[in-house]
Amino acid sequence: MRLKEQFSIRNIGGEYMMVSQSGSGLDYTRVVTLNHTAAFLVESVIQKDFTEEDLTDLLVEKYDVARDVAAKDVQALVGTLLKEGLIEE
Amino acid sequence: MEVRTINNTLFFAEVAEQLALGHAVRMRARGNSMLPFIRDGRDVLVLGKPGEDSFRRGRLVLARLEEDRYVIHRVVKVQGGMLWLRGDGNLKVYEMCSRAEVLAEITEVVRNGRSIRQGSWRWNAYRFLWPSHPFLRRVGLALYRRLNKK
């Protein structure tokens, strides 16, 4: 899967936000707030093809968590992004 | 989808940062002080970095006033280094600011997916056909509200 648009991850007042970027502009009319972990994952796969496996690997590597826990988190994140139409299979 | 509001100061600091990097910024319009041109919560504004041309009568600018108050209003007078601003929907309220306090110029208003670009005939219609006189404005706004009542 892949992010549908080009996004920029911005930290505004301590909160991570996913802002869509089109051409030479940033669109703040629709932003998605992310927690620290989600921001890390999304930022890692900007403009790349990825699978849930890839994201799980990234999480395990970075945060030293059990694989099944990481996989669950990734599933939840991917579910949300799919539901919001931000990634495509 | 959840709608959240970000603190103005933080949001506009972010906007200023992006503009300085040369990015355009799209944001949703808030407030009624630019009626009938700009409609609260519905219209999307495209902001660009201000240039020398932004400090001219008739231009729409985003300015930071005292106490972190931000307005998007029209330049109605340029006097020395100072700009006088007034919202199209305001009768007698003016704001005064310096050029340095202008963060952005509005270059486009997007309504229902249709873009009204600065300088286009629709843009100019809102600029030139909308009266400046407070009494005529009051009448115009009353008519606007009556026509748009649901």
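How each quantity is defined
Residues numbered from 1 in each chain as written. Chains lettered and ligands numbered in written order. Predicted model: local features only at pLDDT ≥ 70, side-chain atom pairs only at ≥ 80, totals over all residues. Core = buried A, V, L, I, M, F, W, Y, C linked by C-beta atoms within 7 Å. Buried ≥ 20, exposed ≤ 12 C-beta atoms within 10 Å, placed from the backbone. Contact = placed C-beta atoms within 7 Å. Helix = DSSP H or I, 4+ residues; strand = E, 2+ residues; numbered from the N terminus. Nonpolar A, V, L, I, M, F, W, Y, C, P; charged D, E, K, R; others polar. Pairing = 2+ DSSP bridges. Axes fitted to C-alpha atoms, helices over the stretch in contact; angles between N-to-C directions. Parallel < 35°, antiparallel > 145°, perpendicular 65-115°, else oblique. Left-handed = near helix turned anticlockwise from the far one by under 90°. pLDDT = per-residue confidence, 0-100. Expected span 1.5 Å × (residues − 1).

## Notes on the nonpolar core
Working step 1: If you look at the biggest cluster of nonpolar residues, it comprises 42 residues, and the most contacted ones within it are Val25(B), Leu45(B), Leu47(B), Val61(B), Leu62(B), Ala104(B) and Ile106(B).
Working step 2: Once you skip the residues sitting within four places of it in the chain, Val61(B) turns out to touch Pro50(B), Ser54(B), Val75(B), Leu85(B), Val102(B), Ala104(B) and Glu105(B).

## Description of the interface of chain A and chain B
When the parts of a complex come together, some accessible area is lost, and that lost area is often used as the size of the interface.
Working step 1: Counting residues at the interface gives ten residues for chain A and 14 residues for chain B.
Working step 2: Only β2 (6-12) and β4 (25-34) of chain A provide two or more residues apiece to the side of chain A that touches chain B.
Working step 3: Take the side of chain A that touches chain B: its biggest share by element is six residues, from β4(A).
Working step 4: A breakdown of the residues in the side of chain A that touches chain B according to their chemical character gives three nonpolar, five polar and two charged.
Working step 5: For β4(A) and strand β1 (residues 24-28) of chain B, the ladder comprises three bridges, and the chain directions are parallel. Following the sheet pairing, Asp27(A) is matched in β1(B) by Arg26(B).

## Concerning the packing of helix α1 (residues 36-44) of chain A against helix α2 (residues 52-63) of chain A
All names here are of chain A.
Working step 1: One can describe the packing of α1 onto α2 by two numbers: an axis separation of 10 Å at closest approach and a directional angle of 125 degrees. In terms of orientation, α1 and α2 fall into the oblique class. Remark: the crossing between α1 and α2 carries right-handed chirality. Two secondary-structure elements touch here, α1 through Phe40, Leu41 and Ser44 and α2 through Leu55, Leu58, Leu59 and Lys62.
Working step 2: Looking at the contact of α1 with α2, its residues break down into five nonpolar, one polar and one charged.

## Describing the confidence of the model for chain B
Working step 1: In this model, chain B carries a mean pLDDT of 92, and residues with pLDDT of at least 70 account for 97%.
Working step 2: Here the predicted complex carries an ipTM of 0.83, next to a pTM of 0.87.

## Things to note about the environment of Asp68(A)
Working step 1: Here Asp68(A) shows up in helix α3 (residues 67-83).
Working step 2: Spatially, the C-alpha atom of Asp68(A) lies 8.8 Å from that of Thr56(A), the residues being twelve residues apart in sequence.

## Observations concerning helix α3 (residues 134-147) of chain B
Working step 1: With 14 residues, α3(B) ought to run about 20 Å at 1.5 Å a step, and its terminal C-alpha atoms sit 20 Å apart, in line with that.
Working step 2: The buried fraction of α3(B) amounts to one of the 14 residues, a small share that puts the element mostly on the outside.

## With respect to the packing of α2(A) against α3(A)
Residue and element names in this part refer to chain A.
Working step 1: Where α2 contacts α3, the two axes come as close as 9 Å, and the packing angle between them is 125 degrees. Looking at the two axes, α2 sits oblique to α3. Here α2 and α3 pass one another in a crossing that is right-handed. Contacts from Glu52, Leu55, Thr56, Leu59 and Val60 in α2 reach Arg67, Ala70, Ala71, Asp73, Val74, Gln75 and Val78 in α3.
Working step 2: Grouping the amino acids of the contact of α2 with α3 by side-chain chemistry returns seven nonpolar, two polar and three charged.

## Details of unusual backbone geometry
Working step 1: With an omega dihedral of 0 degrees, the bond running from Leu35(B) to Pro36(B) counts as a cis peptide bond.
Working step 2: Among the structural elements, Pro36(B) can be located in the loop between β1 and β2 (44-48).
Working step 3: Residue Asp64(A) is not a glycine yet carries a positive backbone phi of 55 degrees.
Working step 4: Note that Asp64(A) resides in the loop between α2 and α3.

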